[in-house]
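Take a look at the letters that make up each chain.
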Amino acid sequence: MRGLVPRFPQDVLLALEEGHLLRAAGRNQEAEAVYRKIWQAGREGHYPGLHYEIASLSLGDLRRSQKNFSGAAQAYERGGQAPQPDSEALQKANLGAGEMYDLLQKRDLALAKYQAVLAADASTVPAEIARKRMKEAYREN
């Protein structure tokens, strides 16, 4: 995979796959570095018109799995900072941020994120989950 990424430097999906493979192999620090590199490269214009904000969503998921709820919330929040983010990725990021804020006992921030999910498209699965979270705060299983 590392040999392919330099050959196709504008392919954000290929770059993301490297991070996903590292995470699947349990090499979380390396996966985090890849996701952060993709985010920064996207911010610098290396992925024009492509949805590099997915790297932020992936980083949030990684940190969440490590029980780094504050770091996960920050990563999820970052996804919304991309110009014209993918609507599905943005809904997932807002939902994830809301859940992290619930775990961090920041209910007002959580509710604002759930509202953002609904405002984007109230007919999706993330919106259905957000409605449930608005009634009852998210708790880890």
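Residues numbered from 1 in each chain as written. Predicted model: local features only at pLDDT ≥ 70, side-chain atom pairs only at ≥ 80, totals over all residues. Heavy atoms only, no water.

### Details of the overall build of the protein chain
Per the secondary structure count, the protein chain includes 8 helices and 0 strands. Secondary structure elements in the protein chain, listed N-terminal to C-terminal, are α-α-α-α-α-α-α-α. Principal axes of the C-alpha set define a box for the protein chain whose edges measure 50 × 30 × 20 Å. Residue burial in the protein chain is summarised as follows: out of 141 residues, 41% are buried. Residue pairs at least 24 apart in sequence account for 51% of intrachain contacts in the protein chain once pairs closer than 6 positions are excluded. Carbon and sulfur atoms provide 50% of the accessible area of the protein chain, an area that totals close to 7900 Å². For the protein chain, the distance from the average site of its 20 positive side-chain charges to the average site of its 18 negative ones is 3 Å. (Helix = DSSP H or I, 4+ residues; strand = E, 2+ residues; numbered from the N terminus. Buried < 20%, exposed > 50% of the residue type's maximum accessible area, 1.4 Å probe, protein only. Contact = heavy atoms within 4.5 Å. Areas by Shrake-Rupley, 256 points an atom, 1.4 Å probe, with all protein chains shown as cover. Lys, Arg positive; Asp, Glu negative; His and termini not counted. Charge placed at Lys NZ, Arg CZ, Asp CG, Glu CD.)

### So, the confidence of the model for the protein chain
On average, the protein chain scores 92 in pLDDT, and the residues at 70 or more come to 94%. At the level of individual helices and strands, the protein chain shows its lowest average pLDDT in helix H1 (residues 4–7), which scores 62, and its highest in helix H8 (residues 125–135), which scores 98. (pLDDT = per-residue confidence, 0-100.)

### Let's talk about H8
Within H8, burial applies to Pro126, Ala127 and Ala130. One side of H8 holds all its buried residues, which, seen down the axis, span an arc of 95 degrees. The exposed residues of H8 that point more than 90 degrees off its buried face are Val125, Lys132 and Lys135. Buried residues in H8 make contact with helix H6 (87–103) and helix H7 (107–120). (Arc of directions from axis to C-beta.)

### Focus on the packing of helix H2 (residues 12–24) against helix H3 (residues 28–43)
Closest axis-to-axis distance for the H2/H3 pair is 7 Å, and the angle between their directions is 160 degrees. It follows that H2 is roughly antiparallel to H3 by the angle criterion. Seen along the crossing, H2 lies across H3 with a hand that is left-handed. On H3, the residues touching Val12, Ala15, Leu16, Glu18, Gly19, His20, Leu22 and Arg23 of H2 are Asn28, Glu30, Ala31, Val34, Tyr35 and Ile38. Residues that form the contact of H2 with H3 fall into these classes: 8 nonpolar, 3 polar and 3 charged. (Axes fitted to C-alpha atoms, helices over the stretch in contact; angles between N-to-C directions. Parallel < 35°, antiparallel > 145°, perpendicular 65-115°, else oblique. Left-handed = near helix turned anticlockwise from the far one by under 90°. Nonpolar A, V, L, I, M, F, W, Y, C, P; charged D, E, K, R; others polar.)

### Quick notes on the environment of Leu90
For Leu90, the position within the fold is in helix H6. Residue Leu90 is classed as partly exposed on the basis of its relative accessible area, which comes to 25%. Residues Leu90 and Glu77 lie 13 residues apart in sequence; the distance between their C-alpha atoms is 9.1 Å. In contact with Leu90, other than residues within four places in its own chain, are Gly80 and Pro85.

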